[in-house]
Amino acid sequence: MPLCLPLSCKVLVLAIFFGKSSSTPGIDAAGLLSAVAGLVLFLEGLRVAVMPMALLLGNQLPLKLKLPWVLLVAFCLGVLVTYAEPAIAAIRPLAKLVDPQSAPYLYYLMNQQQELLVLAIGVGVGLASVVGTLKFLTGTSIKPFIAGSLLPTVGLACYMQWGNPHLRPILGVAWDCGGVTTGPVSAAADLLL
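Right, let's walk through the structure included here.

What counts and how
- All residue numbers refer to positions counted from 1 along the written sequence of the respective chain.
- Selection of residues for local features in this predicted model requires a pLDDT of at least 70, selection of side-chain atom pairs for listing and counting requires 80 or more, and totals for whole chains, interfaces and linings are taken over all residues.
- Only heavy atoms go into the side-chain values, all of them from the structure, while hydrogens and water stay out.
- Angular values range over 0 to 180 degrees, each being the angle between N-to-C directions of two axes fitted as lines to C-alpha atoms, with helices fitted over their stretch in contact.
- Under the scheme used here, helices are H or I runs from DSSP no shorter than 4 residues and strands are E runs no shorter than 2 residues, and both carry numbers assigned from the N terminus.
- By convention the crossing between two helices is left-handed if the near helix lies anticlockwise of the far one by an angle smaller than a right angle, and right-handed if it lies clockwise.
- Every residue pair with non-hydrogen atoms within 4.5 Å of one another is taken to be in contact.
- Salt bridges are identified by distance alone: a Lys or Arg side-chain nitrogen within 4 Å of an Asp or Glu carboxyl oxygen.
- Remark: exposure states derive from per-residue accessible area (1.4 Å probe, protein chains only) relative to the maximum for the residue type, with buried under 20%, exposed over 50%, and partly exposed in between.
- Note on patches: the residues involved have over 30% relative accessible area and no salt bridge, like charges join within 9 Å, and the nonpolar side chains Val, Leu, Ile, Met, Phe, Trp and Tyr join within 5 Å.
- Residue-level accessible areas treat just the shown protein chains as cover; the underlying method is Shrake-Rupley with a 1.4 Å probe.

A short note on the packing of helix 7 (residues 143-163) against helix 8 (residues 168-180)
Right, on to step 1. Close contact between helix 7 and helix 8 brings their axes to 7 Å; oriented N to C, the two are set at 145°. Crossing handedness for the pair helix 7 and helix 8: left-handed. Here helix 7 contributes Thr153, Ala157, Met160, Gln161 and Trp162 to the contact with helix 8, which in turn contributes Arg168, Ile170, Leu171 and Trp175.

Considering the environment of Phe145
Right, on to step 1. Relative to the helices and strands, Phe145 is located in helix 7.
Right, on to step 2. Between the alpha carbons of Phe145 and Ala128 there is a distance of 9.5 Å; along the sequence they are 17 residues apart.
Right, on to step 3. Not counting chain neighbours up to four residues away, the residues in contact with Phe145 comprise Val131 and Thr140.

Quick look at the pattern of salt bridges
Right, on to step 1. What the rule picks out here adds up to one salt bridge.
Right, on to step 2. A salt bridge links Arg47 to Glu44; its shortest N-O distance comes to 2.4 Å. Taken together, the positions of Arg47 and Glu44, both in helix 2 (residues 25-64) and three residues apart, correspond to about one turn of that helix.
Right, on to step 3. Here Arg47 falls in the partly exposed class, since its relative accessible area comes to 49%.
Right, on to step 4. Residue Glu44 is classed as partly exposed on the basis of its relative accessible area of 36%.

Description of a nonpolar patch on the surface
Right, on to step 1. Where nonpolar side chains cluster on the molecular surface, the patch consists of Tyr83, Leu116, Leu119, Val123 and Leu127 and spans about 430 Å² of accessible area.
Right, on to step 2. Classification of Tyr83 as partly exposed rests on a relative accessible area of 35%.

Below you can see the structure in the form of structure tokens.
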């Protein structure tokens, strides 16, 4: 029941503050309960199957392979868990909602270059996995990596927002793609690795 509470509150807020009501409340309630049941089963499957495997891999891999190979495995796993992330799959249907006249670059990215977008997200997660693995295995500080990547990222975001009006619609997708990679699959696998 606690899982239903946040979703139910969101529906209630929409109904009260925005005056939106459903014409099919029974179907909406069944959909809400199905979503909660699916999420519970999904998370249970992660706990029972994926997390023990990732823990075993994270403990045994550095003992059996040299550091470059461990980093390569960490990178590959980072890319692969991105493809398994449910939030990444949720981006795909949204591509049809983009108007090619008002956001041509976003339309092109979301419709014609969708696989390249997911691959770019995966490469980012893979690189983050490598940095995290380096930190744990060698004691390397991640502060230089964060500082070195934050300035160009903020600079590019400012350019996209104020420097080129055609890139402005892509900015939200760029930051959202960073957020969707911290879902239940990638977070469990990367943290345990």
